[in-house]
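Topology and contacts: notes
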Amino acid sequence: MKLNIAVLPGDGIGPEVTAQAVKVLKAIAMEFNHVFTFNYGLVGDSAIKKTGNPLPQETIDICEKADAILFGAIGNTAYDIDPNAQIRPEQGLLRLRKLLGLYANIRPVIAYEDLLTKSSLKKSQIKGTNILIYRELTGGIYFGKQALSEDGNTASDVCEYHRYEIERIAHLAFKAAQSRKHKVTLVDKANVLESSRLWRRVVQEVAKQYPDVTLDYQFIDNAAMELIIKPKQFDVILTENMFGDILSEEASVIVGSIGLLASASLGENHQMFEPIHGAYTKAANKGIANPIASILSAAMLLDHFGLDDEADLVREGVDKSLKLHITTPDLNTKYDNISTTKVGDFIEDFINNPDETNLNFTNIHLGQSTII
Ligand code: IPM
Ligand code: MG
């Protein structure tokens, strides 16, 4: 298969983790005789620094022409502490999502057997957790009208949803549940918000078309607690933009590190694959950023194009790296010298020689060549 992949490494740890995902995709292309081409674009703070614009036209062009986009991370703490900055890195990502119509953000939350002790939650509580979060990505408070009064004393962000925005992601969530445990939990704040009541109404209508799927409801405040105390009750979580942002980051506690959570952002004509974590500026260029979320996002890219064996091989490589403790310091207590690049090298090596990786492990651990 020929795939033209746009790569937007972004800011902070984005470039180093994305480089590992590209490495893995190149290994897959080689192993399975695919032709993947990679075109790089600037976004976020790195784009502001070079062009003054967090989403330059050239990047938009690269993305529009691509079959898929691999996104790194965005943001810089310098902006986080300056509420007066008019141009902000995040605008690049938000504009891109909106422009390309990437309305459904799918975030899998899976408790890996080998990482159960890494979570601060009890092993018995999290063992077996397998949740798919469907986060609406181009509506709600993220994209509603924003205003600041002239005297600077009053501000507002409107949370607006239209029926069609809810319908289209609800269908995807119900379809996903049909091939899983047949349960959708709608998370909202329908006891307070009018927009949430619209979500309930529309989702209840959509649910009628999926009689084999149970629809259940939780208010966001309660869901935030239930997710931690009883994560196994969830199958597919369907929710609006901001609740999904918060809940998915909370869910990373179950998995053991936010550096493990991948996502796919899907629209009618475009698709982007992005780790759920941010730019983590403090950790940039130290070799400590976990590339697994980015590598698993690449696996979701392969899934999207029906390249199942390829995606499975990437996931097997990830599983193996976790089993052998070839992981970055956020997870590793066994070795202290496993860098971002080494994790990528290990998974690349696994893809090249799935049967021999155990032999190569010692070399990787010692920082020697992995080529045998
Ligand atoms: C995410 C991030 C983004 C979001 C930021 C960087 C704008 O937190 O993808 O979860 O809020 O959607
Ligand atoms: Mg987030």
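Another point: the environment of Gly144. Relative to the helices and strands, Gly144 resides in the loop between β5 (130-136) and β6 (146-148). Given a relative accessible area of 16%, Gly144 falls into the buried group. When the C-alpha positions of Gly144 and Val158 are compared, they lie 4.6 Å apart, and in sequence the two are 14 residues distant.

A few words now on the confidence of the model for the chain. In this model, the chain carries an average pLDDT of 95, and 96% of its residues clear a pLDDT of 70 or more. Residue range residues 368-372 is modelled with pLDDT below 50. Its contacts to residues more than four positions away, or to other chains, number eight contacts.

Take the environment of Phe305 next. Relative to the helices and strands, Phe305 resides in the loop between α11 (292-304) and α12 (308-323). As for Phe305 and Asp67, which are separated by 238 residues in sequence, their C-alpha atoms are 9.5 Å apart.

Partitioning the chain into domains gives domain 1 (1-102 + 268-372) and domain 2 (105-266). If you average the C-alpha positions of domain 1 and of domain 2, the two centres end up 24 Å apart. In this assembly, 26 residues from domain 1 lie in contact with 26 residues from domain 2. It is Ile276, Met300 and Leu331 that lose the most area in domain 1 upon contact with domain 2, and together they represent 29% of the buried surface on that side.

Around ligand 1, the neighbouring residues are Ile74, Glu90, Arg97, Arg107, Arg135, Tyr142, Asp245 and Ile276. Measuring from an oxygen atom of ligand 1, one finds a side-chain N or O atom of Tyr142 at 2.5 Å. In the model, an oxygen atom of ligand 1 is placed 2.8 Å from a nitrogen or oxygen of the Asp245 side chain. Considered on its own, ligand 1 offers 320 Å² of accessible surface; in the complex 83% of this is hidden by protein. Built from parts of two domains, the shell around ligand 1 gets at least three residues from each of domain 1 (1-102 + 268-372) and domain 2 (105-266).

Reading the values: rules and limits
- Residues numbered from 1 in each chain as written.
- Chains lettered and ligands numbered in written order.
- Predicted model: local features only at pLDDT ≥ 70, side-chain atom pairs only at ≥ 80, totals over all residues.
- Heavy atoms only, no water.
- Helix = DSSP H or I, 4+ residues; strand = E, 2+ residues; numbered from the N terminus.
- Buried < 20%, exposed > 50% of the residue type's maximum accessible area, 1.4 Å probe, protein only.
- pLDDT = per-residue confidence, 0-100.
- Contact = heavy atoms within 4.5 Å.
- Domains from an automatic or database assignment.
- Buried area = accessible area lost by both parts, 1.4 Å probe.
- Near = heavy atom within 4 Å.
- Polar contact = N/O pair within 3.5 Å; in protein donor to acceptor, adjacent residues only side chain to side chain.
- Areas by Shrake-Rupley, 256 points an atom, 1.4 Å probe, with all protein chains shown as cover.

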